[in-house]
Amino acid sequence: MVLLEDLHARPAGALVRAVARFHSTVEVVFGSKSANARSVLAVMALNATKGSTVLVRADGEDADEAAAAVVSVLVD
């Protein structure tokens with residue numbers, strides 16, 4: 001997916017809040033870096049900027065819903 005804004009504090013925080021309600025493990029990948037989507041600092045450390053393409057991986061009982069929530073935050 002392509003980001004509509006930089007992953008700075010506000011969108012990273014929104015992403016972490018979206019993931020918090022799920023049990024699945026969620027990871028955001030940018031280039032050779034990956035981040036646990038439950039960590040604002042890890043997500044910000046990806047240094048993904050507007051227009052960058054990121055990959056969202058989720059594993060667990062509610063993985064599809066968790067991934068969809070992350071995608072919703074990243075493209076809104």
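Residues numbered from 1 in each chain as written. Predicted model: local features only at pLDDT ≥ 70, side-chain atom pairs only at ≥ 80, totals over all residues. Heavy atoms only, no water.

### Side note on the side chain of Ser52
What counts here: Here a helix means four or more residues in a row that DSSP labels H or I, a strand means two or more in a row labelled E, and each is numbered from the N terminus. Exposure categories follow from relative accessible area, calculated using a 1.4 Å probe and restricted to protein chains: below 20% of the type maximum is buried, above 50% is exposed, and the middle band is partly exposed. Here a polar contact means two N or O atoms within 3.5 Å. Within protein one must be a hydrogen donor candidate and the other an acceptor candidate, and residues neighboring in sequence count only if both atoms are side-chain atoms. Contact between two residues is taken to exist if any of their heavy atoms lie within 4.5 Å; hydrogens are not considered.
Here Ser52 shows up in the loop between α2 (40-45) and β3 (55-59). On the basis of relative accessibility, which here comes to 9%, the residue Ser52 falls in the buried class. A polar side-chain atom of Ser52 sits 2.7 Å from the main-chain carbonyl oxygen of Thr49. Sequence-distant contacts of Ser52, defined by excluding residues within four places in its chain, comprise Met1, Val2, Leu3 and Phe30.

### With respect to the environment of Val56
Within the fold, Val56 resides in strand β3. With 26 residues separating them in the primary sequence, Val56 and Phe30 have C-alpha atoms 9.2 Å apart. Among all residues touching Val56, those that are not within four sequence positions of it are Met1, Val26, Glu27, Ala67, Val70, Val71 and Leu74.

### Notes on the sheet that holds strand β2 (residues 33-36)
We apply this condition: One requirement defines pairing of two strands: DSSP has to find at least two bridges between them. Fitted lines through C-alpha atoms serve as axes, helices being fitted only where they are in contact, and the angles separating the N-to-C directions of these axes extend from 0 to 180 degrees.
Ordered by their spatial adjacency, 3 strands build an open sheet running β2-β1-β3, and the pairing between neighbours is antiparallel. Two strands in the sheet have a free side with no partner beyond their single neighbour: β2 and β3. Pairs of neighbouring strands in the sheet enclose a mean axial angle of 25°, with direction left out of account. In the sheet, strand β1 (residues 25-30) pairs with β3 via 5 bridges, with the strands oriented antiparallel. Within the sheet, the bridge partner assigned to Thr25 lies in β3 and is Asp59.

### Quick word on the nonpolar core
Using the following cut-off: We define a nonpolar core as any set of buried Ala, Val, Leu, Ile, Met, Phe, Trp, Tyr and Cys residues linked to one another through side-chain atoms lying within 4.5 Å.
Counting 21 residues, the largest nonpolar core has Leu15, Val26, Val28, Val70 and Leu74 as the members making the most contacts within it. Broken down by secondary-structure element, the contributors of at least two residues to this core are α1 (9-20), β1 and α3 (63-75). If one sorts the elements of this core by residue count, α3 sits on top with 5 residues. Residue contacts for Leu15: discarding those within four places in its chain leaves Val28, Ala37, Val43, Val70, Val73 and Leu74.

### Considering α1
Where we set the bar: A helix is expected to span 1.5 Å for every residue after the first.
Helix length check: α1 (12 residues) gives 16 Å between terminal C-alpha atoms against 16 Å at 1.5 Å per residue, within 8%. For α1, the secondary structure elements touched by its buried residues are β1, α2 and α3.

### Here's the deal with the pairing of β1
In terms of strand pairing, β1 meets β2 through 4 bridges, oriented antiparallel. Bridging across to β2, Glu27 finds its partner in Asn36. With antiparallel pairing between neighbouring strands as the criterion, β1 and β2 make up a hairpin whose turn holds 2 residues, including Gly31 at a positive phi of roughly 60°.

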